[in-house]
Amino acid sequence: MVKKDILKHELVPDHVVLKKNQITKVLKDMGVHPEQLPKIKLDDPVVKAIGAKKGDIIKITRKSQTAGRFISYRLVLG
Amino acid sequence: MTGIIKKIAQINFGLLSPENIRKMSVTKIVTPDTYDEDGYPIEAGLMDPRLGVIDPGLRCRSCGSKGGDCQGHFGHINLARPVIHVGFADTIHKILRSTCRNCGRILLTDREILDYKEKIDNFLRNEENITNVLKEIYNLARKDDCPHCHQSETVRDNSEKLMEKFEDLVKEIEGSGLKVDSKIVEQIEKSFETLQTVLEEQLTSSLRIRELESQYDISMDKTNLLQVLDTIKNKKDEGLSTIDGRNLKKKAMANYVEIVDELLKLLDSEIHDFQNKMDSQTLKTVEKFLEEISTVFEKIDEKNQVKLGTFHKYLNEYEKTLKKFLETLKKFEDAKIELLVKAEATRRTEDDIIRHIAELEFEGSDEEVTHIKDLTENLVKEIEKSREKEIKEDIKIDKPVSLVEGNYKLTPSEVRDWLEKIPEDDYFLVGINPEIAKPEWMVLTVLPVPPVTVRPSITLETGERSEDDLTHKLVDILRINQRLKENMEAGAPQLIVEDLWELLQYHVTTYFDNEASGVPPARHRSGRPLKTLAQRLKGKEGRFRSNLSGKRVNFSARTVISPDPNISINEVGVPEMIAIEVTVPVYVTEWNIEQMKKHIENGSKIHPGANYVIRPDERKIRVYDETKESILEKLEPGYVVERHLMDGDIVLFNRQPSLHRMSMMAHEVKVLPHKTFRLNLCVCPPYNADFDGDEMNMHVFQTEESRAEAKSLMRVQEHILSPRFGGPIIGGIHDHISGGYLLTRAGSVFKEEDVFQMVKKSQLPMPEPKNRDWTGKEIFSLLLPDDLNMVYKAEICRKCDECLREECKNDAYVVIEKGELMMGAIDEKAFGAFSGKILDSVVKEYGTDHARQFLDSATKLAISGIMKRGFTTSTADEEIPREAKDRIEELLNNAEKRVEQLIEAYHNEELEALPGRSLRETLEMKIMQVLGEARDKSGEIAESYFGMDNHAVIMALTGARGSMLNLTQIAACVGQQSVRGGRIERGYRNRTLPHFQEGELGAKASGFVQSSYKSGLDPLEFFFHAMGGREGLVDTAIRTAQSGYMQRRLVNALQDLNVNEDGTVRDNRGVVIQTRYGEDGIDPAKSDFGKVADIDRIIEEMRIKAKADK
């Protein structure tokens, strides 16, 4: 089976695992607990591809019809 | 118990266990009677005082609280025999079907059980719905024999019993002194012995099969597996031969890699198939093997070196396991054949026994012979029965509560016994949570009796008591229960007991659900079907939809609506009749006490009056002519007066269906005579209201907070801009638009006295006299803010290829400079609902207060304008001269001829198909095109005779009402009628109507209407027109239903979301749905028709401003 790098697909937005200090900043800015963030499954193909672990927070930068570029965050579920 | 408020932490849905029913019961109910002769409730009867009280005077015997405070207590009835609960009949059926009647285990193999348990665990952990898994289990658990208990064992036990019986028989014969052929008896004895050994063997082989089965799932195809094994071997050999020892030349390597690649692919797909079916040990080996292969493979790529040894070692191992598997498969098959042989042998021996028994002959007295004959016959019957039992009968459900196995109807007791047998480990697999319920609780042994508060009896005026339907039903149950118990105790015949049992089942069934299919509904003495438990909850009039989701409210009114162009858009005309009925509570203070006294003096019948006065001790006193005086005396600050609705009060106004937030807006009251709600025409679009009999609702706010909130958030003027598209949804309609156009179009001038009249009427400040005639544009400019600059193209714009801008001939290029309408006519694009640009600008730039004034004045001005000139329309507006009619007819005839030519070309196969279309489709498209063009052309001809002095045309072009298409259809040609998006084809065989030839394709034959509405349609045209019209009607009906349902689901999904102060969208738990509303944080109502800003428009405005400043 030929493996493709799904991260390069045009429909897959940019996923980045946040670092510790970034996490605290993001959570503080939004005023939320990690549990209140939208979730993403650990077996999500992108999560597997970027090697995120349970409890990580992923920053997703996608194209937006209204805003041009839009950033959202997701918590990786076990 | 008063005043105790409990907080509900969670709700568990489960089944009531018999113990729980007894535990929550305060008394056992035995007597089917309710009251004795004196009217006192009978102890242990259905109205037992311990079940709670309703009369406010009495105290409850169970909890001691007064009537009204006591919520009632349950009782219980011990059922003489168990009955099935209707609501669970289906579930019971499903469970019985998928469990073993012998051992109660679920009919799945151990492996399947493990798999599904894991799956269910997984689903539950993720809070996913397990119904689909359960469905899968129910479908799978339909095996003929149970994998957990061995039916052969029971067969063997049976045969032992038979043997004993036979021995008894022999003894009896010997004791009786009858003469029997001892040879035959011996033979039978021998047969029995063989039977036992054969059965023993049958059992061992079936056990063996089971053992093998538990190792592997044997259901896979053997030949396929053999093939795979073969290919693997071949490929391996091939690969080895290419490599030829340790010769690792590049070419050989490449070849080898290719072969291994193929091999891998093959294995990949095959192993996938097998994975599920092999035992874990084999699986592990295979997985390890695959892993190893891939690592070896990587190395091939990397270093061009092969660890052939390891690779082949694993390949060999894999081969070995597969072979082992094959062996077991073979063993399994052998065992199966053996089992079949054994089973056959059993059958034969049994046949032998039966035959031999038949051969038995007895000599002796008749009496004894018949006795022995009976015994032997019995034996034969038993043998046959035991054989039958081997075939498992499917359990069917005979709605609503009968469970039938073959021909035998299971009694509820048997069902209960069966359900009890199911081990707790299997509960999850049949969809039951063992912590909450047990399957046997679905068969009732105890029936809870609801408290009297649930089924209150009514005392009629005659003093007669009338009982609730539920009480009637419970009386029936008790009566039959009692009879059943007595009959059983008296040892009545089975038949009678069964009949009564059935009757009890019927009563309990209808007590729960009186509309269960297959059961005649229980009826009241009057013949009315009883409303039992399910009927109380179900459907539109049920507890949920009628009482819990829907509520009736006080301080509301509903009546027909009608228009009033003289009131503001913020106002609503309220009939006096309503105003004196619904009230506003006003706190009496020293500042308003005089006013309130006036209201009370007026009483409840004269308009600005008052209906009630609430004293500081919260006692409510109705204002009557007689009580007025005393109330007035006592009135002081601290009282609350419920006064009539008055001008300026804020009320909520609503029209169903309430599809968007503009369906409920706050209006100011204007009390008016007559009986309808009056509303300004501009608010028709948001409510989607017209005056053909529409009714609307009004609600009066009862607190200052609600009034304040409604005034700042819900007032009509706050909703001029719709969040749907960022433009005005409230604006001028119909005559407002035509009026605006007539007022402002080029060449429209008014005498100054007329102008002042109109200005006064529009509540605008009086302008300086000009001492000359005014142009309409000058009058309209009075409305505009002094610093307004804008440019836009009006609705009447003809969309010329090249815009002449300021030189526009149609006066469609609107320019406003510093609040002066320099050029262009006012029409829908100016202040119409949905598209008014000026209105849009005014709201956004000058605020909603200004916008409301603008809209009120503009519409009034437009109406004055239209009234100065007069405006009417009739079919005379669609009149076109003779020559035009001739031209149109010629055009249409030509088109019809062209269609004929196309059809001829089609028949002669001269037509060329368009890409991607068949010849027939091409023809259809071309015909549609020709006829469409013809209709348009005929319309254009008619249009050329219409001028801007034509009222119908004014309405169509300014966007007031109607379209040019409507006009040309009336004047020139109606055009093609369509059903299902194409020309009409349906009707008779290969033709639409019997007036045509079969297969006729011409214009007239497929629904082209050449006539105009004005000239009239011929019968055929009329028929086709009706076809198209009907389709449109049906479509709209279906569309509204569908979109309504979609909207409901969407609203249910989104109703708890809100936008927080920080711009995030969150649900009610605070979970973030969107980190920024709409991703850009824009409120669409405040956007520029959906966009953040229209740069082009702003630049254009700046340009105008700069020009004007110069």
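Notes on the structure in this doc start here. (Residues numbered from 1 in each chain as written. Chains lettered and ligands numbered in written order. Predicted model: local features only at pLDDT ≥ 70, side-chain atom pairs only at ≥ 80, totals over all residues. Heavy atoms only, no water.)

Focus: helix α28 (residues 919–944) of chain B
All names here are of chain B. Look at α28: 37 Å from first C-alpha to last across 26 residues, which is about the 38 Å you get at 1.5 Å a residue. Looking at α28, one finds that the buried residues are Thr-922, Leu-923, Glu-924, Ile-927, Val-930, Leu-931, Ala-934, Ser-938, Gly-939, Ile-941 and Ala-942. Of the surrounding elements, those touching the buried residues of α28 are α27 (882–907), α30 (964–971), β26 (975–976), β28 (982–983) and β29 (1008–1009). (Helix = DSSP H or I, 4+ residues; strand = E, 2+ residues; numbered from the N terminus. Expected span 1.5 Å × (residues − 1). Buried < 20%, exposed > 50% of the residue type's maximum accessible area, 1.4 Å probe, protein only. Contact = heavy atoms within 4.5 Å.)

Brief notes about the side chain of B:Glu752
For B:Glu752, the position within the fold is in helix α23 (residues 752–761). Non-local contacts of B:Glu752, meaning those with residues more than four positions away in its chain, are made with B:Pro769, B:Lys770, B:Asn771, B:Arg772, B:Asp773 and B:Trp774.

Examining the sheet that holds strand β7 (residues 408–409) of chain B
Residues and elements named next belong to chain B. Overall, antiparallel pairing links the 3 strands, which are arranged β5-β6-β7 in an open sheet. Because the sheet does not close on itself, it has two edges, and the strands there are β5 (395–398) and β7. Pairing geometry for strand β6 (residues 402–405) and β7, over 2 bridges, is antiparallel. If you follow Glu-405 over to β7, its bridge partner there is Tyr-408. (Pairing = 2+ DSSP bridges.)

Description of the packing of helix α13 (residues 469–489) of chain B against helix α14 (residues 494–512) of chain B
Residue and element names in this part refer to chain B. At their nearest, the axes of α13 and α14 sit 9 Å apart, and the two run at 160° to each other. In terms of axis orientation, α13 runs roughly antiparallel to α14. Note on packing geometry: the crossing formed by α13 with α14 is left-handed. When α13 is examined against α14, the residues Leu-470, Lys-473, Leu-474, Asp-476, Ile-477, Ile-480, Asn-481, Arg-483, Leu-484, Asn-487 and Met-488 are found in contact with a partner set consisting of Ile-496, Val-497, Leu-500, Trp-501, Leu-503, Leu-504, Tyr-506, His-507, Val-508, Thr-510 and Tyr-511. Looking at the contact of α13 with α14 residue by residue, the class counts come to 15 nonpolar, 4 polar and 3 charged. (Axes fitted to C-alpha atoms, helices over the stretch in contact; angles between N-to-C directions. Parallel < 35°, antiparallel > 145°, perpendicular 65-115°, else oblique. Left-handed = near helix turned anticlockwise from the far one by under 90°. Nonpolar A, V, L, I, M, F, W, Y, C, P; charged D, E, K, R; others polar.)

Overview of the interface of chain A and chain B
Tallying the contact residues gives 15 residues for chain A and 13 residues for chain B. Both faces combined, the contact of chain A with chain B buries some 1,100 Å², and carbon together with sulfur accounts for 51% of it. Of all residues in chain A, A:Met30, A:Gln36 and A:Phe70 bury the most surface against chain B, accounting for 46% of the area lost on that side. Applying the counting rule to chain A against chain B returns 0 salt bridges. Where chain A meets chain B, there are 7 residue pairs in polar contact (both at pLDDT 80 or more). Sorting elements by how many residues they give to the side of chain A that touches chain B places strand β4 (residues 68–77) of chain A first, with 4 residues. Tallied by class, the residues present in the side of chain A that touches chain B amount to 8 nonpolar, 5 polar and 2 charged. (Buried area = accessible area lost by both parts, 1.4 Å probe. Salt bridge = Lys/Arg side-chain N within 4 Å of Asp/Glu carboxyl O. Polar contact = N/O pair within 3.5 Å; in protein donor to acceptor, adjacent residues only side chain to side chain.)

Comments concerning the sheet that holds strand β16 (residues 640–644) of chain B
Residues and elements named next belong to chain B. With antiparallel pairing, 4 strands are arranged side by side in an open sheet as β13-β16-β14-β15. Either end of the sheet is taken by a strand with one partner, and the two such strands are β13 (583–587) and β15 (620–622). Neighbouring strand axes in the sheet, compared pairwise and without regard to direction, differ in orientation by 25° on average. Most of the contacts of helix α18 (residues 593–602) go to β16, to which it runs at about 60°, and overall it touches β13, β14 (610–614) and β16.

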